[in-house]
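Spelled out from the first residue to the last, the chains are:
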Amino acid sequence: MAAGGRIQQTSAPALAQGLILPPAAGSAAKLPLASRVRRYWASGTANAKGRGLSSAAHRSQSSSHPLLLPGPGVEMAAPLPARSRFVVVGGGIAGVTCAERLATEFPSEDILLVTASPVIKAVTNFKQVSKTLEEFDVEEQPSTMLEKRYPNIKVIESGVKQLKSQEHKIFTEDGKQCIYEKLCLCAGAKPKLIFEGNPYVLGIRDTDSAQAFQNHLAKAKRIAVVGNGGIALELVYEIEGCEVIWAIKDKAIGNTFFDAGAAEFLIPKLTAEKLETAIACKRTKYTTEGSEKEEGSVAAADKLGTALGPDWHEGLHLKGTKEFSHKVHIETLCEIKKIYLQQEFKQLQKTSLSFPKDNSDNQNAHPDEELWPVYMELTNGKIYGCDFIVSATGVVPNVKPFLDGNNMRLWTQARQMGWYAAKCIVADFLGESIDMDFSFELFAHVTKFFNYKVVLLGKYNAQGLDLDHELMLRCTKGQEYVKVVMQNGRMMGAVLIGETDLEETFENLILNQMDLSAYGEDLLNPNVDIEDYFD
C-alpha cells in the first residue's frame, strides 16, 4: 500500500498467500507477506490482551481495521475450534448440574456448556428430605450468572448441528467447533404437538411458549387441553375465567402419576373455588429477547429452549375473559381424531357441542350455536369448538444430531442423572471404580398438583409386580390420600397426597423390606403414630 493510502498493484502469488497488510516499519517491510501476517497477528493479539480485550473482541476489531483488507478471492481463515477436556450439551437441570459438578472437581479445567437458550436452569433451595427424596426450586437465570459462580465454566450460546464422535468434535449452528475429550449430552426435549403447523395448536415447554400461552388465554373464552401428564394437570387447575375441555386417553386423570382413587380425591378441586392465595413468585423471570413480538404467532415446536420449572405457572396470569374460577369438562378414553378450522367446519356443515353443564356426558350436551376459530373432533364422536388447543401429550427428545433415545420426565431425575453423569466422567478420568449411586436404589419424587404436596415412592403404581400384590388406602376428603402397595407383607411403593409426614418412614420400610404382616391395617391407622414407632 502506498504512503498516500492507495492500494498498490499486487501479484497473484502474493494475493494467494493471504491478507494484504501495510508494510511494517524497518526491516519487517522486507519480510515475505506470510511472515508479516504472522507477526502482525501475534502483535495485535498481544496488544489486545494488554488492553483487556477478549480474543472475540480482538477478532472483531481486526476484521474492521481500515488497513486490514482481504485480497480479491481470498476467504478469511475459519476460527480455530474451541478445545476443552469436558463439554456438556444442554442448559437444563441435568446439563447445568453436570457442568457444576465437573467445575468443582476440576477447578483448573475449562468446562464448556453448549446451550441453545440464553437462559439456563439452576437448582436453588436444595433440601435433602430423606435418603432418596429431594426438594428444590428450579430457577431460570442468565448464563452469565453461572459463569460468575464457576469461573471455569464457559457458556456457548448455540444449538448443536452435528456430532462427529470418532473425531471427538461437535459443530454448533453458529459455525463454531468444539473438540472434547469427554462429552455429556443433556439436550432435553421439545413439545410433541398433536398437529404440526396449525396456528391454533400450542405446545408448552419453555419460557417463551408459556408466555405465548398466557397472551392467547387472556383473549379466550374456551380452550381445549389434550394430554394427561404433569403439564396438563397443572394447567387445568391453574386456569381461571375460561371454559376448559380436557381430553384424555385414560379412564382417570393423572394416570402417569397415580391411580383412579387418587384421581377421585383430586377431582373436587376442579369444581371448587380457588380459595388458596397464590404464592408470589419471588424469583426473577427471564425471557429471550424479542419474545413479546411473537405474541401473534405460536412458538415453533422445534425452537429449542430450556424446559419449564415445576412452578412454571407462578408469576403468570392464567385467566381468560370470563368471571368465574374453574370450569372444566373431562372427556375420558378418547383422543383427537381431526382438527377443523372455522371455514372448513362451516363448509362441512358439522355440528359441535356446547360446554356441558356437568360431567354427566351427553344428557346435558346441546348443539353449540357459537362460532369458534378451531374445532376438534374426538374419537368418541364428539366435536367441540374453542379458541385454541393446548397439546400436552408429552415431549420428543432433542437427539436428532446425536442418537436415538428417551428423555427424562421428572426434575428430580434430571438433577440426579446430571450429577451421576458427572460422577462417572470424574471416575473414568481418574481411573477410579464407579459405584452405583444410592438415588437408584429407590424411585422417589416429590411435586405439587392441585395445590397438594404429592410424594411418589418405589413401585407406587405396582409397576412390574405380580397379581398377588395388594393395596392399602387411607383417605381424608380434602386433606390427605395415602396408598401403599404391599406384596408378601412387604411395602413396595406408596403414593402420599397432602401433608402426611410419612415419606421418610415409608421410604425406610421400602428400602429395608421389613415384614409388616403383623401390623395389618394398623399400618395406616391414623390413631397410630407409625412414623415414631418405626423410626
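Here is what the cut-offs are and how they apply
- Residues numbered from 1 in each chain as written.
- Predicted model: local features only at pLDDT ≥ 70, side-chain atom pairs only at ≥ 80, totals over all residues.
- Heavy atoms only, no water.
- Pairing = 2+ DSSP bridges.
- Helix = DSSP H or I, 4+ residues; strand = E, 2+ residues; numbered from the N terminus.
- Axes fitted to C-alpha atoms, helices over the stretch in contact; angles between N-to-C directions.
- Contact = heavy atoms within 4.5 Å.
- Core = buried A, V, L, I, M, F, W, Y, C linked by side-chain atoms within 4.5 Å.
- Buried < 20%, exposed > 50% of the residue type's maximum accessible area, 1.4 Å probe, protein only.
- Salt bridge = Lys/Arg side-chain N within 4 Å of Asp/Glu carboxyl O.

### Re the sheet that holds strand S19 (residues 388–391)
The five strands lie next to each other as S12-S19-S13-S14-S15, forming an open sheet whose pairing is parallel. Of all strands in the sheet, those with a lone pairing partner are strand S12 (201–203) and strand S15 (328–331), marking the two edges. Adjacent strand axes in the sheet meet at a mean angle of 25° when their direction is disregarded. Sheet topology note: the strand S13 (residues 222–226)/S19 ladder contains four bridges and is parallel. Opposite Val 226, over in S19, you have Ser 391 as the bridge partner. Of the strands in this sheet, S13, strand S14 (243–247), S15 and S19 touch helix H7 (residues 230–238), which is tilted by about 155° from S14.

### Some details on the nonpolar core
Of all hydrophobic cores here, the largest spans 42 residues; its most connected members are Phe 213, Ile 223, Trp 246, Phe 450 and Ile 497. Per-element tally for this core: the top contributor is H7, with five residues. Every residue in contact with Phe 450, bar those within four places of it in the chain, is listed here: Leu 233, Val 236, Tyr 237, Ile 253, Leu 266, Lys 269 and Leu 270. By size, the runner-up hydrophobic cluster in this structure holds 25 residues, among which are Ile 93, Leu 102, Ile 120 and Phe 136.

### Overview of the pattern of salt bridges
Counted under the stated rule, the structure contains 17 salt bridges. Note that Glu 100 is salt-bridged to Arg 149, the shortest N-O span being 3.5 Å. Here Arg 149 lies in helix H5 (residues 143–149) and Glu 100 lies in helix H4 (residues 93–105), a separation of 49 residues in the sequence. Arg 101 is the salt-bridge partner of Glu 105, the closest N and O atoms lying 3.4 Å from each other.

### Side note on unusual backbone geometry
With a phi angle near 50°, Asn 125 is a residue other than glycine that sits in the positive phi range. You can see Asn 125 is positioned in strand S5 (residues 119–128). Unlike most non-glycine residues, Gln 513 shows phi in positive territory, near 50°. Within the fold, Gln 513 resides in the loop between helix H12 (503–512) and helix H13 (530–534). The partly exposed category is assigned to Gln 513, whose relative accessible area is 28%.

Keep in mind that these numbers describe shape and distance, not what the molecule does.
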